[in-house]
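What follows is the residue order along each chain.
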Amino acid sequence: MFCDMLPESPARIGDNIAVMVEFDSADKAKAVFEALKEGGKISMEIQETFWSKCFGSLTDKFGISWNISIGCPSE
């Protein structure tokens, strides 16, 4: 899925959205985050948040913004 940028982030054509990828395990999410951060810039280190047990945000070496997360467990 795609998401818009945070209100405090200046929007510029080309970087005003981020690719959001949701995984079913923290291990998968962390592995992808580690691979994407090589040569990139971390906006938010992968960590637990109030909306996800595992979430991180970064811009890869090609300038693409990513949000990496795990989904909510089903009840």
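Refer to the structure printed above.
Thresholds applied
Residues numbered from 1 in each chain as written. Predicted model: local features only at pLDDT ≥ 70, side-chain atom pairs only at ≥ 80, totals over all residues. Heavy atoms only, no water. Helix = DSSP H or I, 4+ residues; strand = E, 2+ residues; numbered from the N terminus. Contact = heavy atoms within 4.5 Å. Buried < 20%, exposed > 50% of the residue type's maximum accessible area, 1.4 Å probe, protein only. Pairing = 2+ DSSP bridges. Core = buried A, V, L, I, M, F, W, Y, C linked by side-chain atoms within 4.5 Å. Polar contact = N/O pair within 3.5 Å; in protein donor to acceptor, adjacent residues only side chain to side chain.

**Concerning the environment of Met-44**
Next, step 1: Within the secondary structure, Met-44 sits in strand β3 (residues 41-47).
Next, step 2: C-alpha of Met-44 to C-alpha of Phe-55: the two residues are 11 residues apart in sequence and 8.2 Å apart in space.
Next, step 3: Look past the residues within four positions of Met-44 in its chain and what remains in contact with it is Phe-33, Thr-49, Trp-51, Phe-55, Gly-56 and Ser-57.

**A word on the pairing of strand β4 (residues 55-59)**
Next, step 1: Most of β4 is tucked away: 4 of the 5 residues are buried.
Next, step 2: Examined bridge by bridge, β3 and β4 share 4 bridges and lie antiparallel to one another. Directly across from Ile-42, in β4, lies its bridge partner Leu-58.
Next, step 3: Where β4 and strand β5 (residues 65-70) come together, 5 bridges link them in antiparallel fashion. Its bridge partner being in β5, Thr-59 is matched across the sheet by Ser-65.

**Topic: the nonpolar core**
Next, step 1: By size, the foremost hydrophobic cluster in this structure holds 9 residues: Ala-29, Phe-33, Leu-36, Ile-46, Cys-54, Leu-58, Trp-66, Ile-68 and Ile-70.
Next, step 2: Of all the elements in the fold, those that place two or more residues in this core are α1 (26-37) and β5.

**Considerations on the side chain of Ser-69**
Next, step 1: The residue Ser-69 is located in strand β5 in this model.
Next, step 2: Among the residues examined, Ser-69 registers a relative accessible area of 2% and is labelled buried.
Next, step 3: Polar side-chain contacts of Ser-69 include one of 3.2 Å to the side chain of Ser-52.
Next, step 4: Filtering out sequence-adjacent residues up to four positions away, Ser-69 remains in contact with Met-20, Val-21, Glu-22, Phe-23, Ala-29, Ser-52, Cys-54 and Phe-55.

So far we have only geometry, and geometry alone does not tell us how the molecule works.
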